[in-house]
Amino acid sequence: MPTILITGASRGIGLESARQHATDGWKVIGCCRNPASATELKKIPGVSVHALDVTRFDAVDALARDLDQPVDVLLNNAGQSPRPRLGFGNMDYAQWSGLFTVNTLAPFKMAEAFHDHVRRSERRIIANVSSIMGSIGDTSGGHVAYRSTKAALNMVTKTLAGDLAADGVTVLSIHPGWVRTDMGGPTAAISPEQSAAGMKKLVEGATPAISGRFYDWTGSEIPW
Amino acid sequence: MPSVLVTGANRGLGLEFVRQYSAEGWRVFAACRSPRRADDLNDLAAASRGRTSVHAVDVSDRRAVRSLADELNEPIDILINNAGLMEAWSEGFGQIDYAKWEAILRTNLFGPAWVTHAFAPHVARSERKVVAMMTSGLGSLTENADGNRNAAGKLYMYRSSKAALNMLVTKLAADLRGRGITVVAIGPGHVQTDMGGPTAKLKPPESIGGLREVLASRTIEHTGRYFFYTGAPQPW
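Remember, it's a predicted structure, so these values are computed and weren't measured experimentally.

Cut-off values and rules
Residues numbered from 1 in each chain as written. Chains lettered and ligands numbered in written order. Predicted model: local features only at pLDDT ≥ 70, side-chain atom pairs only at ≥ 80, totals over all residues. Buried ≥ 20, exposed ≤ 12 C-beta atoms within 10 Å, placed from the backbone. Helix = DSSP H or I, 4+ residues; strand = E, 2+ residues; numbered from the N terminus. Pairing = 2+ DSSP bridges. Right-handed = clockwise from strand over helix to strand, strands pointing away. Contact = placed C-beta atoms within 7 Å. Nonpolar A, V, L, I, M, F, W, Y, C, P; charged D, E, K, R; others polar. Axes fitted to C-alpha atoms, helices over the stretch in contact; angles between N-to-C directions. Parallel < 35°, antiparallel > 145°, perpendicular 65-115°, else oblique.

## Here's the deal with the pairing of strand β2 (residues 27-32) of chain B
Residues and elements named next belong to chain B.
Line of reasoning, step 1. Among the six residues of β2, six are classified as buried, and the element is accordingly described as predominantly covered.
Line of reasoning, step 2. Burial along β2 is two-sided: R27, F29 and A31 and V28, A30 and C32, pointing in opposite directions, are all buried.
Line of reasoning, step 3. When strand β1 (residues 3-7) meets β2, the two strands line up parallel, connected through five bridges. Along β2, the bridge assignment pairs V4 with V28.
Line of reasoning, step 4. As defined by bridge partners, β2 adjoins strand β3 (residues 52-56) across five bridges and the pair is classed as parallel. What sits directly across from C32, in β3, is A56.
Line of reasoning, step 5. A crossover links β2 with its parallel partner β3, the connecting element being helix α2 (residues 39-46), and its sense is right-handed.

So, in C-alpha cells, the structure goes:
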C-alpha cells in the first residue's frame, strides 16, 4: 500500500486528507505540532501520528532520519494566513517574515529532507497546498503578505519540478478551494470532504507530464 | 526637470540608470549601502553640478529607509527599486542556507515594500507618479519552464523573492491606484553586470536605455503589469 505524509494533519484539510487516505488503505504519516491535542487524528485507524513543527528545520531533519521508509506522496499542507490580513498600510514585517517560513521555506525544507524517501517510492509525488490567492495576475488589492508567500511557494513548486525531474518526482501546487475550516471560515464554499477528495483524485492521477503546474481541487489549471 | 530615486545605485544597472538620467539633466537621488566605496557613482555625482546626490541606505534596514524618506522632502517622479541580491547558482537543492533565504527576501521584497511605503508621498506629489520594481525573467513562473532547460531549477531564493516581488507589484498597483501612482515590474534582460556575469548578451547602456523609454511612457493604464526593456509585456 502507498504511503502519504501529511503536515498540518490535526485539523481542516490535512485531517480530512488523512481520513480519506486511511479509509482507502493508505499508510498515513500524520504530522502536527501537538499530537496530545490531536484527538480526531489519533482516532483514525492506520494513521501514525508524529509531532512536527515544520518551522523547526532541525526537527524536520530528525523526523526524516527516524522515518526510514518510502513516502509516495509528501503533502505539504501546513500553512498560515494572518488575521487580520496584512497589506499596504498595516504591514507587520516580523509577521510577514514568519509567514514565509511557514508557507514557503518549510515546504521546501520538507522536500529537501524527504527527497530520498519520495525518490525511492512508487509514486514520487510532492504536493504543495497553495492558494488561488497566490495567483499574481489577480488585480485585486490587499492581503499581500499571505499572497506573496503563496506566489513564492508556487515558484518553489516550479523550480523543484525542474530540479527533481531527473528523479522522476512530480511536484504540484494545489489550490484546495475555499474550504469551511478554521482558516476558510464557516461561510466558505465547500466542505473539507469535497476539497480533500478532489485533491486526492488529482494527486492519484498525477504523472511527471504535469509536474510544475498549479491546479485547483477540481483539477482545473490556475494561471500564475 | 523630473526627478528619480534609484536604489542599488553604486554598480551595474543602478549605476547605469544614474549615468543616463544624470546625462539628461534629471534630478537624481542615488541610494546605495556604502557611498564611501562607490567611486564610479561619486564621480558621476561630482560631475553633475549638484543635480545628482548620493545617499547611504540599506533597503533591508527599515529605519534607514524611513530616515532617508524624512530627509528628502521633494517630489520624486520615478522611484526605481533596483537594489537586489542573488545567491550563487551552486546554492541549489540540498545546499540551502535558510538564513540567507530570509536575508534575500528582506532585501528583494521587504526592501522595495519599505521604500515604496516610505516614498509614496514623494511620488504622489510628483508629475509622473511612477514606481518601478526591478524583477527578472528568473522570477517568472511562466518562463521557468521545462522547455527551457537552462533556466529550470536552482536559484530558489532569488526566484521566489522575485515571484513574491511580482505579487507586491500587482497588489501595490491596486492599493496605490487611488493616489494616481503607477506601479510596474520591469525586466532588464540578461545584462553584463556582477550579477548577470560576463557572458550575458546585453550591455547595461542598451538595457537601461530601453527601460528608461518604457518608464517614460508608463501611465496609470499600465499599472500592475510587467514590461521587458524592449517594451514587450511579460508573463508572470
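## Comments concerning the interface of chain A and chain B
Line of reasoning, step 1. Contact residues are listed per partner, giving 33 residues for chain A and 35 residues for chain B.
Line of reasoning, step 2. Going through the elements one at a time, α4 (93-113) and α6 (144-164) of chain A are the ones with two or more residues in the side of chain A that touches chain B.
Line of reasoning, step 3. The greatest single-element share of the side of chain A that touches chain B, amounting to twelve residues, is contributed by α6 of chain A.
Line of reasoning, step 4. Residues belonging to the side of chain A that touches chain B are distributed by class as follows: 15 nonpolar, 13 polar and five charged.

## Thoughts on the sheet that holds β3 of chain B
Residue and element names in this part refer to chain B.
Line of reasoning, step 1. In spatial order, the strands read β3-β2-β1-β4-β5-β6-β7; together these seven strands make up an open sheet with parallel pairing. This sheet does not close on itself; its edge strands, each paired only once, are β3 and β7 (226-228). Looking at each pair of strands side by side, their axes are set apart by 20° on average, direction ignored.
Line of reasoning, step 2. Pairing of β1 with strand β4 (residues 78-81) involves three bridges; the strand directions are parallel. Each residue of the ladder has a partner; that of V4, found in β4, is I78.
Line of reasoning, step 3. Sitting on the sheet, helix α5 (residues 156-176) touches β5 (130-134), β6 (182-187) and β7, and the angle it makes with β6 is about 160°.

## Overview of the packing of helix α1 (residues 12-23) of chain B against α2 of chain B
Residue and element names in this part refer to chain B.
Line of reasoning, step 1. At their nearest, the axes of α1 and α2 sit 10 Å apart, and the two run at 10° to each other. Taken together, the axis directions place α1 and α2 in an arrangement best described as roughly parallel. Packed against α1, whose contacting residues are L15, V18, R19 and S22, the element α2 presents D40, L41 and L44 at the interface.

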